[in-house]
Amino acid sequence: MTEINKTVLLTGAAGDIGTRLRPLLLSRYSRIILSDLQEITDLADRESFQKGDLVDKNAMDDICKGVDAIVHLGGQSVEGDWDTVNHCNIQGMFTLMEAAHQAGVERLVFASSNHAIGMYSRNRRICVDSKVRPDSRYGLSKAFGEALCSLYADKHGMRCLSIRIGNVADKPLDLRRLSMWIHIEDLFQLIQIGVEHPDLHNEIVFGCSQNDRSFWDNGPAFRLGYRPKHKAEDHVVHAMTNQKETGPDAIGDNFQGGTFSSAEFDGDLERIRWS
Ligand SMILES: NC(=O)c1ccc[n+]([C@@H]2O[C@H](COP(=O)([O-])OP(=O)(O)OC[C@H]3O[C@@H](n4cnc5c(N)ncnc54)[C@H](O)[C@@H]3O)[C@@H](O)[C@H]2O)c1
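Remember, predicted model here, so these are calculated numbers, not experimental data.

What counts and what doesn't
- Residues numbered from 1 in each chain as written.
- Predicted model: local features only at pLDDT ≥ 70, side-chain atom pairs only at ≥ 80, totals over all residues.
- Heavy atoms only, no water.
- Helix = DSSP H or I, 4+ residues; strand = E, 2+ residues; numbered from the N terminus.
- Polar contact = N/O pair within 3.5 Å; in protein donor to acceptor, adjacent residues only side chain to side chain.
- Expected span 1.5 Å × (residues − 1).
- Buried < 20%, exposed > 50% of the residue type's maximum accessible area, 1.4 Å probe, protein only.
- Contact = heavy atoms within 4.5 Å.
- Phe/Tyr/Trp six-rings, centres within 6.5 Å; stacked < 30°, edge-to-face > 60°.
- Near = heavy atom within 4 Å.
- Areas by Shrake-Rupley, 256 points an atom, 1.4 Å probe, with all protein chains shown as cover.
- Nonpolar A, V, L, I, M, F, W, Y, C, P; charged D, E, K, R; others polar.
- Salt bridge = Lys/Arg side-chain N within 4 Å of Asp/Glu carboxyl O.
- Axes fitted to C-alpha atoms, helices over the stretch in contact; angles between N-to-C directions.
- Parallel < 35°, antiparallel > 145°, perpendicular 65-115°, else oblique.
- Left-handed = near helix turned anticlockwise from the far one by under 90°.
- pLDDT = per-residue confidence, 0-100.

Caption draft 1: View of the environment of Thr 241. Turning to its location among the elements, Thr 241 is positioned in helix α8 (residues 236-246). Measuring from C-alpha to C-alpha, the distance between Thr 241 and Leu 175 comes to 9.3 Å, with 66 residues separating the pair along the chain. A polar contact is formed between the side chain of Thr 241 and the backbone oxygen of Val 237, at a distance of 2.6 Å.

So, in structure tokens, the structure goes:
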């Protein structure tokens, strides 16, 4: 791949996706700044590390200096209590975004989540224009992040791409993930669109590979040039074998968000059937 001269900041670099992404970012961009709460020591040439909490304004101001684009993965990546979600994903993302704006960072790619729209029925095929329908405090924080991107794009001209990631893994893990799995190489393709596309203003796309059972119409991603290479159905035996071991979830199996949708759910399924 041709290397291009850009400095990319990767937040949440010590996490699962960050670790998978590092070699792909290195194959394309000239300088990568890794950031996380957890120390990273196995640095490659052209990688550097700066430790920092997303809510620490001084640390974020420092980290954003000289950066062309941010790939923002850092934060709470599953459901949590409100204080944790608020700290990492609301206050943390706001602090990072403001620091990025003050430092003149041109672009931000945001790791949003399927859980921003997890209360939709699995029988609905939705597009990014469908209203948000969070399935958790975590999903709500992702809807906030998408709205923050919209604000900074419209008010300040930051170019933003929110990727509603389904699930990153080597193979789809179960029936639900056959609809929303994404291979890291396909995710990297979407990230490249966020970092490089000349006409990007503010877009939301679904982060899924070429999945025949997708719940989502990913037209905006395809219009931006996304051409996923990996197919969930190539791993159908693996996914269905795991699914048998997991067993049913009477509430969660109705919803795109799965167990995030059924957690803390009380009342009657009828009340949400099935707008
Ligand atoms: N893994 C998936 O399939 C998936 C699906 C949908 C969305 N996402 C989103 O993608 C991103 C990365 O996911 P992941 O699976 O690698 O998560 P992860 O939990 O493995 O990594 C998140 C990283 O963020 C860091 N972090 C947490 N709070 C922080 C703070 N306050 N300041 C600085 N760093 C902090 C953690 O130390 C961790 O290394 C997350 O934002 C997640 O919500 C992931």
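Picking up where we left off.
Caption draft 2: Representation of helix α4 (residues 137-156) in the model. Between its first and last C-alpha atoms α4 spans 28 Å; for 20 residues at 1.5 Å apiece the expected length is 28 Å, and the two agree. Within α4, the full set of buried residues consists of Tyr 138, Gly 139, Ser 141, Lys 142, Ala 143, Gly 145, Glu 146, Leu 148, Cys 149, Tyr 152 and Ala 153. Here the buried face of α4 lies against α3 (82-103), β5 (107-113), β6 (159-165), β9 (202-207) and α9 (259-262). Immediately beyond the C-terminal end of α4, within one or two residues, lies Gly 157, with a positive phi of roughly 75°.

Caption draft 3: Here's a closer look at the packing of aromatic side chains. In total, this model carries 5 aromatic pairs according to the counting rule given. Where Tyr 138 meets Phe 260, the ring centres are 5.9 Å apart and the plane angle is 55°; that geometry is what we call tilted. Here Tyr 138 is found in helix α4, whereas its partner Phe 260 is found in helix α9, with 122 residues between them in sequence. Of the two residues examined, Tyr 138 and Phe 260, each falls in the buried class. Ring centres of Phe 222 and Tyr 226 lie 6.2 Å apart, and the angle between their planes is 10°; this geometry places the pair in the stacked category. Looking at Tyr 226, the relative accessible area reads 0%, which means it is buried. Each residue in the set Phe 206, Phe 215 and Trp 216 is aromatic and connected to the rest through ring pairs, giving one cluster.

Caption draft 4: Just the site of the ligand, in detail. Around the ligand lies a shell of 26 residues, among which Ile 17, Asp 36, Ser 77, Tyr 138 and Val 168 are the nearest. Gln 38 places a side-chain nitrogen or oxygen 3.2 Å from an oxygen atom of the ligand. Residue Lys 142 places a side-chain N or O atom 2.9 Å away from an oxygen atom belonging to the ligand. Burial of the ligand by the protein chains amounts to 86% of its free accessible area of 820 Å². Those elements that provide at least two residues to the shell around the ligand are α1 (16-26), β5, α4 and β7 (167-168). Take the shell around the ligand: its biggest share by element is 3 residues, from β5. The class makeup of the residues in the shell around the ligand is 10 nonpolar, 12 polar and 4 charged.

Caption draft 5: Region of the structure containing the pattern of salt bridges. One pass over the full model with this rule turns up 16 salt bridges. In this structure, Arg 107 and Glu 106 form a salt bridge, with 3.8 Å as the shortest nitrogen-oxygen distance. A relative accessible area of 5% places Arg 107 in the buried class. A salt bridge links Asp 174 to Arg 177; the nearest nitrogen and oxygen atoms lie 2.7 Å apart. The class for Asp 174 is buried, based on a relative accessible area of 12%.

Caption draft 6: Focus on the packing of α3 against α4. Relative orientation of the contacting elements α3 and α4 amounts to 15°, with a least axis distance of 10 Å. When the axes of α3 and α4 are compared, the pair comes out roughly parallel. By crossing handedness, the relation of α3 to α4 is classed as right-handed. For the pair formed by α3 and α4, the contact residues are Trp 82, Val 85, Asn 89, Ile 90, Met 93, Phe 94, Met 97, Glu 98 and His 101 on the first element and Arg 137, Tyr 138, Leu 140, Ser 141, Lys 142, Phe 144, Gly 145, Leu 148, Cys 149, Tyr 152 and His 156 on the second. Here the residues of the contact of α3 with α4 are counted per class, giving 12 nonpolar, 5 polar and 3 charged.

Caption draft 7: Representation of the confidence of the model for the chain in the model. On average, residues of the chain carry a pLDDT of 97, and 99% of them reach 70 or more. Across the chain, the secondary-structure element scoring lowest on mean pLDDT is α8, at 95, and the one scoring highest is strand β4 (residues 69-72), at 99.

Caption draft 8: Expanded view of the side chain of Asp 174. Looking at the secondary structure, you find Asp 174 in the loop between β7 and α5 (175-180). Looking at Asp 174, its side chain comes within polar contact range of the side chain of Arg 177, at 2.7 Å. Setting aside its immediate chain neighbours within four residues, Asp 174 contacts Ala 239 and Gln 243.

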